[in-house]
Amino acid sequence: VLDKHYEAIGGLEAWTSLQSMVASGTLSVGGGMMQGPFRAYQKRPAMSRLEFTIQGMNIVQAYDGITAWQIMPMAGSTEPVEADPMTAATIIEQSDMDGPLIGWREDGHSIEVAGTETIDGTEAIHLTVVVRGTTSQFYLDANTYLPIQIKAEAMGMNTTTKMSDYRNVDGLLFPFLVEIDTEMGAQA
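Values in this document were obtained by computation on a predicted structure and should not be read as measured data. (Residues numbered from 1 in each chain as written. Predicted model: local features only at pLDDT ≥ 70, side-chain atom pairs only at ≥ 80, totals over all residues. Heavy atoms only, no water.)

Engineer: What should I look at first to understand the overall build of the protein chain in this one?
Structural biologist: Of regular secondary structure, the protein chain possesses three helices and 13 strands. C-alpha atoms of the protein chain, sized along the principal axes, occupy 45 × 35 × 35 Å. For the protein chain, the residues scored as buried account for 37% of the 188 residues in total. Of the roughly 10800 Å² of accessible surface on the protein chain, 52% is carried by carbon and sulfur atoms. Separation between the mean location of the 10 positive side-chain charges and that of the 24 negative ones in the protein chain comes to 4 Å. (Helix = DSSP H or I, 4+ residues; strand = E, 2+ residues; numbered from the N terminus. Buried < 20%, exposed > 50% of the residue type's maximum accessible area, 1.4 Å probe, protein only. Areas by Shrake-Rupley, 256 points an atom, 1.4 Å probe, with all protein chains shown as cover. Lys, Arg positive; Asp, Glu negative; His and termini not counted. Charge placed at Lys NZ, Arg CZ, Asp CG, Glu CD.)

Engineer: Please clarify how the pairing of strand 3 (residues 47-54) should be interpreted in this entry.
Structural biologist: In summary, the side chains of a regular strand alternate between the two faces of the sheet. Sheet topology note: the strand 2 (residues 34-43)/strand 3 ladder contains six bridges and is antiparallel. Bridging across to strand 3, Phe38 finds its partner in Phe52. Counted between consecutive antiparallel strands, the loop separating strand 2 from strand 3 contains three residues. Here strand 3 folds back onto strand 4 (residues 57-63), and the loop between the two strands holds two residues, one of which, Gln55, carries a positive phi near 50 degrees. (Pairing = 2+ DSSP bridges.)

Engineer: I'm lost on the confidence of the model for the protein chain in this one. Help?
Structural biologist: A low pLDDT means the predicted coordinates there should not be read in detail. In the predicted model, the protein chain carries a mean pLDDT of 90, and the fraction of residues at 70 or more is 94%. Per-residue pLDDT, averaged within each element of the protein chain, yields its smallest value for strand 13 (residues 185-187) (53) and its largest for helix 1 (residues 2-8) (97). (pLDDT = per-residue confidence, 0-100.)

Engineer: Can you walk me through the pairing of strand 11 (residues 157-169) in this structure?
Structural biologist: Sheet topology note: the strand 11/strand 12 (residues 172-182) ladder contains 10 bridges and is antiparallel. Of the residues in strand 12, the one forming a bridge with Asn168 is Leu173. Remark: two residues form the turn of the hairpin made by strand 11 and strand 12, two consecutive strands paired antiparallel; Asp170 in that turn has positive phi of roughly 50 degrees.

Engineer: What is the right way to read the nonpolar core from this model?
Structural biologist: Taken as a class, soluble globular proteins show a tendency for nonpolar side chains to be buried jointly. Membership of the largest hydrophobic core comes to 23 residues, with the highest contact counts inside it found for Leu2, Leu101, Ile111, Leu127 and Val129. Put simply, the parts of the chain that give this core at least two residues each are helix 1, strand 8 (122-131), strand 9 (134-141), strand 10 (147-154) and strand 12. Setting aside residues up to four positions removed in sequence, Leu127 forms contacts with Val1, Leu2, Leu101, Ile111, Glu112, Val113, Ala114, Ser136, Gln137, Phe138 and Leu140. (Core = buried A, V, L, I, M, F, W, Y, C linked by side-chain atoms within 4.5 Å. Contact = heavy atoms within 4.5 Å.)

So this is what it looks like as structure tokens:
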């Protein structure tokens, strides 16, 4: 299953040779009630910076390979401060360019095929993925082997992430629409 997934996203060798990437777009929070631009940077081995603007406030979350930090004006922080442990864990996990399905053995993760299910009318291969003691449910389209949904816990709350509108960027496939449903509302 994973070999077919790697082939679908552009090949394991091509993916792991990617050294950095930048993504940008529009972040929509609260079912579209608040929107703003975002820009995300990632660099190997595991560094990231996410910048977005909501309601005129510039928010930054970053990991420099040692410390996860953030600027959160809505929480009264206009200067960089070290992220709390729960937020830091999420920022650090999101700094892994490959995600948990690539290099999973080397990273100490476990993956098990849990069967097939229908997700929004699409037959999907259900993978149970355990990363540092946290279990997530990955669903790969049974025809394309591309991720279409991930159910996980992030920052202490359950999330459902749906990915679609895959596009080829320099030989690698990326979802251009990512919708995250949390207990606090939807984000896209």
